[in-house]
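Secondary and tertiary structure notes
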Amino acid sequence: MAKKDKSEYIIQAVDHALDLLEQFHDDVDELGVTELSKRLKLHKNNVFRLLATLESRGYIEQNRVTENYRLGLKTLELGQTFIRQMGILRQSRPVLEALVAECNETAYVAILKEQSIVYLDVVETDMTVRVVPRVGSRLPAYATAAGKVQIASLTDEELDSFFPNKELKGFTPNTITDKDTLKKELKRVVEIGYAIDNEELDIGVRCVAAPIRDYTRRIIGAVSLSGPSMRFTDERMEKELIPLVRKAADEISMKLGYHK
């Protein structure tokens, strides 16, 4: 028996309902029954029945003032579910593994939580000398590469709110403790597209990080490489590690719907 084409199983009413939902896009936020009838080439009675069904399930709602229809909260819930399922952790793991395979240094994905960063996942190097993984730890954003690429997008007012004191806590002689100096550093991070932790949190450890963006172009995390300063030389950073970490961040961003 020949296998049927999937198009033969399409339920027309469901197809029409989805066509109706897809009319609300870009700057089209509200539509009336008459306009929907024209767009869908359906009788007004059929459009009204579709609207009533979708409204009963929360996918469509009616503006009681204009009597037009708009998308309901249920569509937002579906979108948020999609974003969670296609989230940063699931999308980043294979990219981190490929990144480590290329340079054999420890790679992280991190997010910003208040004034700190939290490492969500790590893929370790197999080198004997390595940085101790810090998955789940909260580290100061201003003293880490993964933190700096995320707070670099904040305004001066937001930074002042984040760090109310002019002087920041120092962890090593290289930590940026002056807020004005930090702001200048963050402006540079925005210009070059990546950040470096030059032994600012731990002596003997250097990191480089690039931002992860989602479909709204918002920075939602960072990819970072971390290792001993003896291996993270300026020359190697410039020629190998910085390009690799930027490429990895771009790959994850594109998986999350970001387009340059």
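Structure first, text after, so check above.
Reference entry: report on the structure contained in this document. Computed from a prediction, not measured in an experiment: that's the story for all the values here.

Section: the overall build of the protein chain
Counting its regular elements, the protein chain contains nine helices and eight strands. The C-alpha atoms of the protein chain give 25 Å as radius of gyration, which overshoots the globular expectation for 260 residues (18 Å, by more than 25%). If you line up the protein chain on its principal axes, its C-alpha atoms span 75 × 55 × 30 Å. For the protein chain, the residues scored as buried account for 43% of the 260 residues in total.

A word on unusual backbone geometry
Of note in this structure, Glu67 is not a glycine but carries a positive phi near 65 degrees. One can find Glu67 in the loop between β1 (60-62) and β2 (69-71). Positive phi, normally seen in glycine, also occurs at Asn104, with a value near 55 degrees. Relative to the elements of secondary structure, Asn104 occurs in the loop between α5 (88-103) and β3 (106-113). Asn104 gets classed as partly exposed once you look at its relative accessible area, which sits at 24%.

Quick look at the packing of aromatic side chains
This structure, assessed with the given rule, holds four aromatic pairs. With a centroid separation of 4.3 Å and an interplanar angle of 40 degrees, the aromatic rings of Tyr108 and Tyr119 are classed as tilted. Of this pair, Tyr108 sits in strand β3 while Tyr119 sits in strand β4 (residues 116-123), and the two are eleven residues apart along the sequence. The residues Tyr108 and Tyr119 share a single accessibility class, namely buried.

Things to note about the state of the cysteines
Following the criterion strictly, the structure yields zero disulfides and no others. For Cys103, which is in no disulfide, the shortest distance to another cysteine sulfur is to Cys207 and amounts to 12 Å. On the accessibility criterion, Cys207 (7% relative accessible area) is buried.

Looking at the pattern of salt bridges
Oppositely charged side chains can pair when the atoms bearing their charge come close. For the structure on display, the rule yields 17 salt bridges. Across the pair Arg236 and Glu105 runs a salt bridge, and its minimum N-O distance is 2.7 Å. Taken together, the residues Arg236 in helix α9 (residues 234-255) and Glu105 in the loop between α5 and β3 connect sequence positions 131 residues apart. For Arg236, a relative accessible area of 18% puts it in the buried group. We classify Glu105 as buried; its relative accessible area is 1%.

Thresholds, definitions, all that
Residues numbered from 1 in each chain as written. Predicted model: local features only at pLDDT ≥ 70, side-chain atom pairs only at ≥ 80, totals over all residues. Heavy atoms only, no water. Helix = DSSP H or I, 4+ residues; strand = E, 2+ residues; numbered from the N terminus. Rg over C-alpha atoms; globule rule 2.2 N^0.38 Å. Buried < 20%, exposed > 50% of the residue type's maximum accessible area, 1.4 Å probe, protein only. Phe/Tyr/Trp six-rings, centres within 6.5 Å; stacked < 30°, edge-to-face > 60°. Disulfide = S-S within 2.5 Å. Salt bridge = Lys/Arg side-chain N within 4 Å of Asp/Glu carboxyl O.

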